[in-house]
Amino acid sequence: MKKKRSQSGIKGLIIGIILICLVLGYYYYLSSKDRAKTQEQTPSASAVQEALIRNLDNNYPPSPREVVKYFGQLTQCFYGEDYTQEELEALAMQIQRLYDKELIDNKTQDQYLEDLKWDINQMKQQKIVVSSYSPSSSTDVEYFDKDGYNWARLYCTFTFRKETNLIVQQQIFVLRKDEQGHWKIFGWKPVEDDEKNGES
């Protein structure tokens, strides 16, 4: 009699463990399904949104190289990503905050936007996108003083893609430090133009 009770007790215990395992397994299945569904419903930030999320008031690029690197990121958005009209204007405002005051003063905001849109349309018509960019290493940045200002000169290589063809172009950037100690882009041009002018 005791043996039968002992056997039924063991059976009950085994059945109980199996039931607990089934309940836990089902709960895990449901929670995994919910987690996957939530991840699907929350799309990752686009390249444009990632570029715009940077607060330049609190997080301005600390070096000439980082300024040009962020310029490259914004440029890649202009000529390689999809965006709304509002995002385009936000990108334009953001990139201008990297520019030296003298460079900004060359055009009104409306002129700048108009020229930018025209340039973007030209690239789109030719099916050209900026696929990558690579600024000089920090050790290759040339620093110098002139007219009472601190200056920096460095290169950035841009790779343009036109359908299956790749075009590599090296640009030379000149930056000037402003009163707040921020490096601002004073100008840039293709290296070939610089060589034609006989500048070092």
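Residues numbered from 1 in each chain as written. Predicted model: local features only at pLDDT ≥ 70, side-chain atom pairs only at ≥ 80, totals over all residues. Heavy atoms only, no water.

## With respect to the confidence of the model for the protein chain
- Taken residue by residue, the protein chain gives an average pLDDT of 84. The fraction at 70 or more is 74%.
- Contacts for the low-pLDDT stretch residues 38–43, under 50 throughout, to residues beyond four places or in other chains number zero contacts. (pLDDT = per-residue confidence, 0-100. Contact = heavy atoms within 4.5 Å.)

## A short note on the packing of helix α4 (residues 85–96) against helix α6 (residues 109–125)
- At a minimum axis distance of 11 Å, the contact between α4 and α6 shows a crossing angle of 115 degrees. As the angle between them shows, α4 and α6 are arranged roughly perpendicular. Crossing geometry of α4 relative to α6 is assigned as right-handed. Two secondary-structure elements touch here, α4 through Gln85, Leu88, Glu89, Ala92, Met93, Ile95 and Gln96 and α6 through Gln109, Tyr112, Leu113, Leu116, Lys117 and Ile120.
- Here the residues of the contact of α4 with α6 are counted per class, giving eight nonpolar, three polar and two charged. (Axes fitted to C-alpha atoms, helices over the stretch in contact; angles between N-to-C directions. Helix = DSSP H or I, 4+ residues; strand = E, 2+ residues; numbered from the N terminus. Parallel < 35°, antiparallel > 145°, perpendicular 65-115°, else oblique. Left-handed = near helix turned anticlockwise from the far one by under 90°. Nonpolar A, V, L, I, M, F, W, Y, C, P; charged D, E, K, R; others polar.)

## As for the pattern of salt bridges
- As enumerated under the stated definition, the model contains seven salt bridges in all.
- For the salt bridge of Arg153 with Glu142, the shortest nitrogen-to-oxygen distance reads 3.0 Å. Residue Arg153 is located in strand β3 (residues 149–162), and its partner Glu142 is located in strand β2 (residues 142–146); the two are separated by eleven residues in the primary sequence.
- On the basis of relative accessible area, Arg153 is assigned to the buried category, the value being 17%.
- Within this structure, Asp100, Glu102 and Arg176 form a network of salt bridges that share partners. (Salt bridge = Lys/Arg side-chain N within 4 Å of Asp/Glu carboxyl O. Buried < 20%, exposed > 50% of the residue type's maximum accessible area, 1.4 Å probe, protein only.)

## Here's the deal with unusual backbone geometry
- We note that Asp147 has phi near 55 degrees; this positive angle belongs to a residue other than glycine.
- Considering the arrangement of structural elements, one finds Asp147 in the loop between β2 and β3.
- Under the relative-accessibility criterion, Asp147 is labelled exposed at 64%.
- Positive phi values are uncommon outside glycine, yet Glu163 reaches one of about 55 degrees.

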